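Structure assessment
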Amino acid sequence: TPDSVSPTIRPINKGVVYRICAGQVILDLSSAVKELVENSLDAGATSIEIALKEYGEEHFQVIDNGCGISPNNFKVLALKHHTSKLSDFPDLQSLTTFGFRGEALSSLCALGDLTVETRTKNETVATHLTFDRSGLLVGEKKTARQIGTTVTVKKLFSSLPVRSKEFHHNIRKEYGKLITLLNSYALIAKGVRLVCTNTTGRNVKSVVLKTQGSGSLKDNIITVFGMSTFTCLEPVIVHMADGCTVDGFLSKAGYGSGRNLGDRQFFFVNGRPVDLPKVSKLVNELYRGANSRQYPIAIMNFTIPTGACDVNVTPDKRKIFFSDEGIILLSLREALEKIYSPNYASYSVNKFD
Ligand code: ADP
Ligand code: MG
């Protein structure tokens, strides 16, 4: 009402701000692990192990053989917006790393208990680091380790009661989503060995995913889905306007995956796993014309010259906008219509070795 006293504007308690913002970068188990895996890839790792305890509910660890973190960086490592990857906004145009905002480690501190063990080639011993909720370094001790980094997050979301309850309730679903995400890295990463293990009960450890770090998409598909699945796929290469291309594999008309929609559809832009709902919709629509009983498997990597796409969209970086989306979708439609027309002569898969 006009005569009621205008309430005072006050700053929100800093701890609350941290938790709210962190909750937008780290939405669930898979986005948490995604950030750590991407950090390992950015650190040049050729071997990455994801170790889960109780499907990630107790803790998860990402262990890499990357460059490690130099002691000069320990204090600022988990502070918000501290990054070694970007200094100026215009750098986003020439982005070659997965990370760039310096938000993942600070968010994980706000949401769970974060520890880091790391060693660079200049050190003879590793250091074990502990951080508080705001990302401040609170503990530092020497330990033994090979060159590389291990990041451990215990009790994710314990600082957000509602999210925490939801997390425990949906753990199997979250775990399933995580495995799909790890599959997407296993498909696209070339020359990187990926292993995922899950330990349950009294130390019963099982290997959930294991790749050899081969050099081609074809080999990666065979590792992740098996040879029999691979033989049901058709290679696609489409050259589009402005130097954009898409290459990958799609189900042949008679051999869809028959599973739920999107179960085995993986889209990448310049090697970065992303959600492309419009592309997925288009692929499904055209496939339906050739096979109405199943959904297609789709593994497609778009190569888009820098400047023609924007990755700085959502905090989790899963949404990408193409500047020429209309043209891209149209060229894709034309190419797929050919592939799924009844008289299409299949390529020999071996041509694409
Ligand atoms: P960003 O990846 O956007 O820079 P993060 O919060 O994910 O932000 O990481 C902060 C910084 O910590 C990185 O810029 C990098 O220097 C360092 N870092 C994180 N994880 C690793 C790792 N596994 N190996 C080496 N350095 C790492
Ligand atoms: Mg990062």
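So, a few notes on the structure that sits alongside this text. Not measured: the values here are computed from a predicted model.

1. Let's talk about the packing of helix 5 (residues 171-188) against helix 6 (residues 217-225)
Between helix 5 and helix 6, whose axes approach to 7 Å, the crossing angle comes to 145 degrees. On helix 6, the residues that touch Asn183, Ala186 and Leu187 of helix 5 are Leu217, Asn220, Ile221, Thr223 and Val224. Partitioning the contact of helix 5 with helix 6 into residue classes produces 5 nonpolar, 3 polar and no charged.

2. A closer look at unusual backbone geometry
Notably, Glu54 is not glycine yet its phi reads approximately 55 degrees, a positive angle. Position of Glu54 among the secondary structure elements: in the loop between strand 1 (47-53) and strand 2 (59-64). For Glu54, a count of 14 C-beta atoms within 10 Å puts it in the partly exposed group. Phi is positive for Lys155, which is not a glycine, with a value near 50 degrees. Relative to the assigned elements, Lys155 resides in the loop between strand 6 (148-154) and helix 4 (161-169).

3. Comments concerning helix 2 (residues 29-42)
With 14 residues, helix 2 extends 20 Å between its outermost C-alpha atoms, agreeing within 8% with the 20 Å of an ideal straight helix rising 1.5 Å per residue. For helix 2, the tally of buried residues reaches 12 of 14 residues, placing the bulk of the element in the interior. Elements in contact with the buried residues of helix 2: strand 1, strand 2, helix 3 (104-111), strand 6 and helix 5. The positive-phi residue at the C-terminal boundary of helix 2 is Gly44, with phi of around 75 degrees.

4. Overview of the sheet that holds strand 3 (residues 113-119)
Strand pairing in a sheet is mediated by backbone hydrogen bonds. Such pairs are either parallel or antiparallel. Pairing is mixed across the open sheet formed by 8 strands, whose spatial order is 5-4-3-6-2-1-7-8. Among the strands making up the open sheet, the edge pair consists of strand 5 (137-143) and strand 8 (204-210). On average, each strand axis in the sheet is tilted by 15 degrees relative to the strand beside it, whichever way the strands run. Here strand 7 (residues 193-200) runs beside strand 8; their pairing, made up of 6 bridges, is antiparallel. Looking across to strand 8, one finds that Asn198 is bridged to Ser206. Helix-sheet contacts for helix 2 involve strand 1, strand 2 and strand 6, and the interaxial angle to strand 2 is about 10 degrees. Against the sheet, helix 5 engages strand 1, strand 7 and strand 8, with an angle of about 45 degrees to strand 8.

5. Description of the pairing of strand 1
Side-chain direction in a regular strand flips from residue to residue, so the side chains alternate between the two faces of the sheet. Here strand 1 shows one buried face, formed by Ile48, Ile50 and Leu52, and one open face, formed by Ser47, Glu49, Ala51 and Lys53. As paired strands, strand 1 and strand 7 are joined by 7 bridges and run parallel to one another. Of the residues in strand 7, the one forming a bridge with Ile50 is Cys196. Sheet topology note: the strand 1/strand 2 ladder contains 6 bridges and is antiparallel. If you follow Leu52 over to strand 2, its bridge partner there is Phe60. Once strand 1 ends, the chain turns through 5 residues before running back antiparallel as strand 2, passing Glu54 with a positive phi of about 55 degrees.

6. What to know about the sheet that holds strand 9 (residues 233-239)
In space, the 5 strands of this open sheet follow the order 9-10-13-11-12, with mixed pairing throughout. Pairing within the sheet leaves two strands with one partner each, and these edge strands are strand 9 and strand 12 (272-274). Taking the axes of each pair of neighbouring strands and ignoring which way they run, one obtains an average angle of 20 degrees across the sheet. In the sheet, strand 11 (residues 265-269) pairs with strand 12 via 3 bridges, with the strands oriented antiparallel. Note that in strand 12 the partner of Phe267 across the bridge is Val274. Packed on one face of the sheet, helix 9 (residues 325-339) meets strand 9 and strand 10 (245-251) and runs near 145 degrees to strand 9.

Cut-off values and rules
Residues numbered from 1 in each chain as written. Chains lettered and ligands numbered in written order. Predicted model: local features only at pLDDT ≥ 70, side-chain atom pairs only at ≥ 80, totals over all residues. Axes fitted to C-alpha atoms, helices over the stretch in contact; angles between N-to-C directions. Helix = DSSP H or I, 4+ residues; strand = E, 2+ residues; numbered from the N terminus. Contact = placed C-beta atoms within 7 Å. Nonpolar A, V, L, I, M, F, W, Y, C, P; charged D, E, K, R; others polar. Buried ≥ 20, exposed ≤ 12 C-beta atoms within 10 Å, placed from the backbone. Expected span 1.5 Å × (residues − 1). Pairing = 2+ DSSP bridges.

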